[in-house]
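As a plain string of letters, each chain reads:
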Amino acid sequence: MQFKLISALALATLAVATPTGSPPPPPPASQCNTGDLQCCNSVQQANSLSGIALLSLVGVAVGSVTGLIGGTCSPITAIGVGGNSCSAQPVCCSNNSFNGLVAIGCTPVNINL
């Protein structure tokens, strides 16, 4: 009798603790909360050779930047509107004050959501 009760309680606990469904999808690119939505021809780590070269072009101290940076970026203003498609890498960037040459603090996004 005790074995049946313990087994039933263990099964009930397992059923409650087991996750169901898939995780929620990432927010759409139109809700870019880390900065502006950009289309960059290249995206690389700030401490990579190409990242160091890009940061040097705009006079940014290489050691002060971590994470991803974008090169040759242009803003994406409305997804799905003619002329605003991105065939390269869409990213949200927190600092694009270098006229599109370099964007700092980038996070890749999926514009197909």
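Check the entry above for the structure.
Note that the structure is a prediction, hence the values are computed from the model and not measured.

**Quick word on the pairing of strand 4 (residues 102-108)**
(1) Moving on: The pairing of strand 2 (residues 68-75) with strand 4 spans four bridges and is classified as antiparallel. Its bridge partner lying in strand 4, Gly 70 is registered against Ala 103.
(2) Moving on: Relative to strand 4, strand 3 (residues 89-95) is paired through four bridges, and the arrangement is antiparallel. When the bridges of strand 4 are listed, Asn 95 appears paired with Ile 104.
(3) Moving on: Between strand 3 and the antiparallel strand that follows it, strand 4, lie six residues; Asn 99 among them carries a positive phi value of about 55°.

**Comments concerning the environment of Leu 57**
(1) Moving on: Structurally, Leu 57 is set in helix 2 (residues 49-57).
(2) Moving on: The sequence separation of Leu 57 and Val 102 amounts to 45 residues, and the corresponding C-alpha distance is 8.8 Å.

**Brief notes about the nonpolar core**
(1) Moving on: Counting residues in each nonpolar core, the largest one holds eight residues, listed as Ala 46, Leu 54, Leu 55, Val 60, Val 65, Ile 69, Val 102 and Ile 104.
(2) Moving on: At the level of elements, helix 2 and strand 4 are the ones that each hand at least two residues to this core.
(3) Moving on: The contacts of Ile 69, once residues within four sequence positions are left out, are Ser 42, Val 43, Gln 44, Ala 46, Gly 51, Leu 54, Leu 55, Ala 103, Ile 104 and Cys 106.
(4) Moving on: Formed by seven residues, the second largest nonpolar core is a distinct cluster that contains Leu 37, Ile 76, Cys 86 and Ile 111.

**Some words on the sheet that holds strand 4**
(1) Moving on: If you trace the four strands once around the closed barrel, you get 1-2-4-3, paired in antiparallel fashion. For this sheet the average axis-to-axis angle between neighbouring strands, irrespective of direction, equals 65°.
(2) Moving on: Taken together, the seven bridges between strand 1 (residues 36-45) and strand 2 define a ladder with antiparallel strand orientation. Paired with Cys 40 across the two strands is Cys 73, which belongs to strand 2.

Cut-offs applied
Residues numbered from 1 in each chain as written. Predicted model: local features only at pLDDT ≥ 70, side-chain atom pairs only at ≥ 80, totals over all residues. Heavy atoms only, no water. Pairing = 2+ DSSP bridges. Helix = DSSP H or I, 4+ residues; strand = E, 2+ residues; numbered from the N terminus. Core = buried A, V, L, I, M, F, W, Y, C linked by side-chain atoms within 4.5 Å. Buried < 20%, exposed > 50% of the residue type's maximum accessible area, 1.4 Å probe, protein only. Contact = heavy atoms within 4.5 Å. Axes fitted to C-alpha atoms, helices over the stretch in contact; angles between N-to-C directions.

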